[in-house]
Amino acid sequence: MIVVMKQEASEGDVEHMVQRIESLGLKAHVIVGTERTVIAAVGDDRKTHKESLESGPGVASVMPILAPYKVASLELKREPTMIRAGSLSLGNGAVGVIAGPCSVETEEQLIKTAEAVKKAGATALRGGAFKPRTSPYSFQGLKEEGLRLLAAARDATGLAIVTEVVATEDVDLVARYADVLQVGARNMQNYRLLEAVGKTDRPVLLKRGPSATIDELLLAAEYILDAGNPNVMLCERGIRTFETHTRFTLPLATVVYLHSKTHLPVVVDPSHGTGHTYLVPKMAAASVAAGADGLIMEVHPDPENALSDGYQSMTFEQFDDTMRECRKVAEALGRKM
Ligand code: PEP
Ligand code: MN
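Analysis parameters
- Residues numbered from 1 in each chain as written.
- Chains lettered and ligands numbered in written order.
- Predicted model: local features only at pLDDT ≥ 70, side-chain atom pairs only at ≥ 80, totals over all residues.
- Heavy atoms only, no water.
- 1 Å grid on protein atoms, 1.4 Å probe; cavity = no way out; pocket = protein on both sides within 12 Å on 5 of 7 lines; lining within 4 Å.
- Points joined across faces, edges and corners; volume = space filled by probe spheres on them.
- Nonpolar A, V, L, I, M, F, W, Y, C, P; charged D, E, K, R; others polar.
- Pairing = 2+ DSSP bridges.
- Helix = DSSP H or I, 4+ residues; strand = E, 2+ residues; numbered from the N terminus.
- Axes fitted to C-alpha atoms, helices over the stretch in contact; angles between N-to-C directions.
- Contact = heavy atoms within 4.5 Å.
- Phe/Tyr/Trp six-rings, centres within 6.5 Å; stacked < 30°, edge-to-face > 60°.
- Buried < 20%, exposed > 50% of the residue type's maximum accessible area, 1.4 Å probe, protein only.
- Lys NZ or Arg CZ within 6 Å of the ring centre and 35° of its normal.

## Things to note about the layout of surface pockets
Estimated volume of the largest pocket: approximately 230 Å³. Forming the boundary of the largest pocket are 17 residues, of which Lys 131, Pro 132, Arg 186, His 272 and Asp 309 lie nearest the centre. Here the residues of the lining of the largest pocket sort into three nonpolar, five polar and nine charged.

Here you go:
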């Protein structure tokens, strides 16, 4: 349920309602908006009558939240959520660009890439240190050494670091080095991992599972929000369909749909979404045209010899050209990139 407070409600009124909600066995999430404060009362509310909250001090109205996801819903919070993590600003008109290699391989590879993507206009550096690979025989990442190299690249360029955490037991370690925690497609429904990243103070980039519905993506985000972390970015990275010409099928209607249902920002990954470098630049520009709040793209100094995902990674020059195209689209639509 949503408890909408009156404009003149005091902090004491809000605190009173939080306690009242908790005494009913529900969790209270306070959202202070520009016009009004609302409190989400979430949990099993089958036995709670809305009348029992309506008479509280400073309460304007009480409404059910119809969507299955509650804290993520636009019904609860109308203002778009903005993400700020070091150099990365994303959402509410600012298009953030996260770029870098699929995997961290060497110091030289990473620093060179960080410098090149920064020069081209990227606002954050990506790079996997813990890699979730389809085959156990593929390169699994440099692990903590990779995290150290990412931190060195941040020191060298000032770029915020986005990197994946694949297991609950690694969350504290990865959060010590990273500015943004990425939860990968394969882990979208790893609920213990979602709760663990929800307990950190790091923004989370949550990637859509290749066979997950949009509601499942939003409910996965809800786990992170419910654990207390309000800074979640949703990432469309392509889904599995009968089509085999592209690695995955990249549905850009997801961006528009999500913006009609949630205040959370939406990022598109045209690298994994297509699986072919030549398809990435146009799909990146199309994502911006569809209203994406951010892009995450793979860039490598020598894609042919990359240890992972070289076939979908751009060279520095291709990335620079892509950024130019995307910027034109963003500017035409009155957005900053
Ligand atoms: C990645 O970003 O390198 C990655 C593994 O992505 P996904 O989880 O979308 O497959
Ligand atoms: Mn990859």
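Structure's up, so let's keep going.
## Comments concerning the sheet that holds strand β14 (residues 294-298)
Strand order in the closed barrel formed by eight strands is β7-β8-β9-β10-β11-β12-β13-β14, with parallel pairing between adjacent strands. Between one strand axis and the next, the sheet turns by 25° as a mean value, whatever way the strands run. Examined bridge by bridge, strand β11 (residues 204-207) and strand β12 (residues 232-236) share four bridges and lie parallel to one another. By the bridge assignment, Val 204 is partnered in β12 with Val 232. In this fold helix α8 (residues 253-261) packs onto β12 and β13 (266-268), with an angle of close to 175° to the strand it touches most, β13.

## A few points about the packing of aromatic side chains
Under the defined criterion, the tally for this structure stands at one aromatic pair. Judged by centre distance (4.4 Å) and plane angle (20°), the ring pair of Tyr 191 and Tyr 223 falls under stacked. Pair noted here: Tyr 191 is in helix α6 (residues 191-198) and Tyr 223 is in helix α7 (residues 214-226), with a separation of 32 residues, a long-range link. Exposure remark for Tyr 191: the relative accessible area of 29% places this residue in the partly exposed category. Of note, Arg 237 hangs over the ring of Phe 248, and the distance from its end group to the ring centre comes to 4.1 Å.

## Thoughts on the sheet that holds strand β1 (residues 2-5)
Sheets are built from strands paired through backbone hydrogen bonds, the pairs being either parallel or antiparallel. The antiparallel open sheet is built from four strands, whose spatial order is β2-β3-β1-β4. At either margin of the open sheet sits one strand with a lone partner, and together these are β2 (27-32) and β4 (59-63). Averaged over all pairs of adjacent strands, the angle between strand axes in this sheet comes to 20°, irrespective of strand direction. In this sheet, strand β3 (residues 37-42) lies alongside β2 in antiparallel orientation, the contact comprising six bridges. Directly across from Val 32, in β3, lies its bridge partner Thr 37.

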